[in-house]
Amino acid sequence: MAPAQQHTMPSASSLPNVPMNNTNTNNDEFANNAAGKPIPQAVLVYHESAHSIVFRDHLRRQQSAIRRTSSEMEHSAHVHSKHPSNHHHNHRAGLSRHAHPKNASHPHASRLPTVVQSAPTSVTNTPAASRNTTPAASRSTTPAKSRAASTNSSDTETNDAFQIETDIGYESAGSRGSTHSGRSDGGMSSASSVGSGLYKKNSNGVPLTATKQEKNRHHHHHNPPHASVHPVVVANFQPVIEPLEQLNLISSNVFEPLLDADPYVDDEESLEMSEAEKEVAELLKNEQAVVKTIRNADWTAFLQKFIPEEGKLASHIHHPAHCSSSRGTTSSETTNSLDTQYSYNSFVTSTSLLPSCGKKMRCFGSTNEYATGVVFAMPKAFPNDKSEDAAAKRTRTWSWPSGYSAKTEFNIDHHGNLINGREEALVPLSGMREMNYSYLHHTDYVVGGRMVKGGLQTIPYNEIYIRVGGLGRVVYGVDVVTGKKCDDSDGSGRSFDNGLGLPIALFIREADYSHIVGLLRTRARIGAIFGRETAKSMPLLLITPEQGVRVLTEKLQQKVFKTMAWDLNPFQNPTLGYRCEIDNTSETHLKQKIEELIDLDNDALKQVLTPEEMARIAGKQQ
């Protein structure tokens, strides 16, 4: 083997220690060089999405990394433009190091080309011949300590920049070329990546001369970038998300006109009440109607009780007192099919008989959890109180006074008999009305079996266990859907035996917008389940112990809709919001959301609201 081939590569510690920075570098030569005109840096575009806020920090980190890398690339380009023939590159260190040959007369200088491992951020147009002809002897003059310090500094800077870019999922043009192979081991050949080209080494670690095609590819991929940093463009992205301005009203604001809508004042004609509203107001005044509050989460189950099974007639669900032993009882034994004149199932449930005009007595449950309730009209076929009490006793229509907790679900045995003293505490309907009168007009009265001296500001609810359903919604003896006459006196109307029919009105217990919107949603659900004609013009009330009954007339409803369109913030149902998201959907809750959509397809409403106002209302309830 020739001596030149047996010669080993001199240590890199022999290279002279040349400073990286050169303040005398002239920029103009590089800027005016047509061959070295930089390729504009690629523009990164992100598509707008629901997660754009999550990108924000990533984009800022990415821009910082791009600026940092671009600054290093610009500095390296300036250095190489001044010393195109006296610099070589070191891929392992990640940054260029420059050396002036001290011994150009080395015997093997022309036969041992320098290993070219340029950093990805140090890009030059220097011809391959100039890069590969640095004498090997010139690399034996730099102290090892200086080389190590320079290497550590360069490695740290390059690795930091590369790590930042990699963490954010993006690599700039420089970092994509920074995949370096290690030193050559033993007799194995290796390759060092420079940009997109590869330079192979022989068994001694000496690089082979690159082909012309590889040189062109290396030159094409490593043109110096433009000095200026191109901004990252994000489609419709706003660095600062500006929410819409808050409107004047929120859900807790009170709709004041409703508090003044008293149906029992002398000028009740000014309210412009409908016939159905007048009837329900009269029934509540004469204590001929019962009310029931329903838990917000129980509305679906309550309304579905009225609907007959598909393909079957309406069912008469037996009173617990009429059922035999629950052991071995089948569903057919607990129900009977009603006559074909009845459209809905009938069942027994707990209600309350309020004092005249709905005053003084609170209803069951809290005003938030039991926000909305229903009103049922009682039969009017009895000539006097005694006949009514007899009919109630015969049909087991049980009633307990104010302050007594009957809890019928726990105090009826499997034979249908009342237990735990509940039967002894029963009070007839006539006695219930007498107590209600004393609550309004007397100072001392009995509450919960005890005499209260001086009275109470608010009386606890009483309880009437009564049958509802069977008939549809009846107004002044006529079914609002079929137009059929329903007379209580001849048995075709309401009765304790077959039920009080569907609710004749809905009510809330607070006058704020949250409860009013909930009231409108409930009426919309009734229309979706029982038909639009059933819910059409159904009276909407406010009932409080302090003020009694107030009517949300059609005129006031139009004012509410106007306010909802322009001044009220969005009013989605809070109990459904998190259940109807993209990644959290429930069929039953989506169905409820659709049923609750306020019906804006109303001729009277279309004459009052503009298309824009209707669109605003439709958008806010989504």
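Residues numbered from 1 in each chain as written. Predicted model: local features only at pLDDT ≥ 70, side-chain atom pairs only at ≥ 80, totals over all residues. Heavy atoms only, no water.

1. Some points on helix α17 (residues 587–595)
Turning to step 1, where the next piece is worked out: Among the residues of α17, H589, Q592 and E595 are the ones counted as buried. What you see down the axis of α17 is that its buried residues fit within an arc of 120°, all on one side. In α17, those exposed residues whose orientation departs by more than 90 degrees from the buried face are E587, K591 and I594. (Buried < 20%, exposed > 50% of the residue type's maximum accessible area, 1.4 Å probe, protein only. Helix = DSSP H or I, 4+ residues; strand = E, 2+ residues; numbered from the N terminus. Arc of directions from axis to C-beta.)

2. With respect to the packing of helix α11 (residues 385–394) against helix α12 (residues 429–441)
Turning to step 1, where the next piece is worked out: Packing of α11 against α12 leaves a shortest axis separation of 8 Å and a crossing angle of 120°. On the basis of the axis angle, α11 is oblique to α12. Two secondary-structure elements touch here, α11 through D385, E388, D389 and A392 and α12 through L429, S430 and R433.
Turning to step 2, where the next piece is worked out: Here the contact of α11 with α12 is built from residues that sort into two nonpolar, one polar and four charged. (Axes fitted to C-alpha atoms, helices over the stretch in contact; angles between N-to-C directions. Parallel < 35°, antiparallel > 145°, perpendicular 65-115°, else oblique. Contact = heavy atoms within 4.5 Å. Nonpolar A, V, L, I, M, F, W, Y, C, P; charged D, E, K, R; others polar.)

3. Considering the pairing of strand β11 (residues 372–377)
Turning to step 1, where the next piece is worked out: Taken across its six residues, β11 has six buried, putting it largely inside the fold.
Turning to step 2, where the next piece is worked out: Side chains of β11 alternate between two faces, with T372, V374 and F376 and G373, V375 and A377 buried alike.
Turning to step 3, where the next piece is worked out: Sheet topology places β11 next to strand β18 (residues 505–508); four bridges connect them, and they run antiparallel. By the bridge assignment, T372 is partnered in β18 with I508. (Pairing = 2+ DSSP bridges.)

4. Thoughts on helix α8 (residues 275–285)
Turning to step 1, where the next piece is worked out: Along α8, the positions that sit buried rather than exposed are A276, E277, E279, V280, A281, L283 and L284.
Turning to step 2, where the next piece is worked out: At the exit of α8 stands E287, carrying a positive phi of roughly 55°.

5. Concerning the sheet that holds strand β20 (residues 548–551)
Turning to step 1, where the next piece is worked out: The five strands lie next to each other as β7-β11-β18-β19-β20, forming an open sheet whose pairing is mixed. The open sheet is flanked by β7 (289–294) and β20, the only strands paired with a single partner. Adjacent strand axes in the sheet meet at a mean angle of 35°, parallel and antiparallel pairs treated alike.
Turning to step 2, where the next piece is worked out: Taken strand by strand, helix α13 (residues 513–530) contacts β11, β18 and β19 (540–544), and its axis lies near 155° from that of β18.

6. Let's talk about the side chain of K360
Turning to step 1, where the next piece is worked out: Looking at the secondary structure, you find K360 in the loop between β10 (346–351) and β11.
Turning to step 2, where the next piece is worked out: Although K360 lies buried, it forms no salt bridge, and the closest oppositely charged side chain, E546, sits 10 Å away as judged by the N-O distance.
Turning to step 3, where the next piece is worked out: Discounting chain neighbours no more than four positions away, the residues touching K360 are Y439, L440, Y445, L456, Q457, T458, I459 and P545. (Lys, Arg positive; Asp, Glu negative; His and termini not counted. Salt bridge = Lys/Arg side-chain N within 4 Å of Asp/Glu carboxyl O.)

7. Structural notes on the side chain of N436
Turning to step 1, where the next piece is worked out: Tracing the backbone shows N436 in helix α12.
Turning to step 2, where the next piece is worked out: By relative accessible area, N436 is classed as buried at 1%.
Turning to step 3, where the next piece is worked out: In contact with N436, other than residues within four places in its own chain, are E287, L353, L354, P355, M361 and N462.

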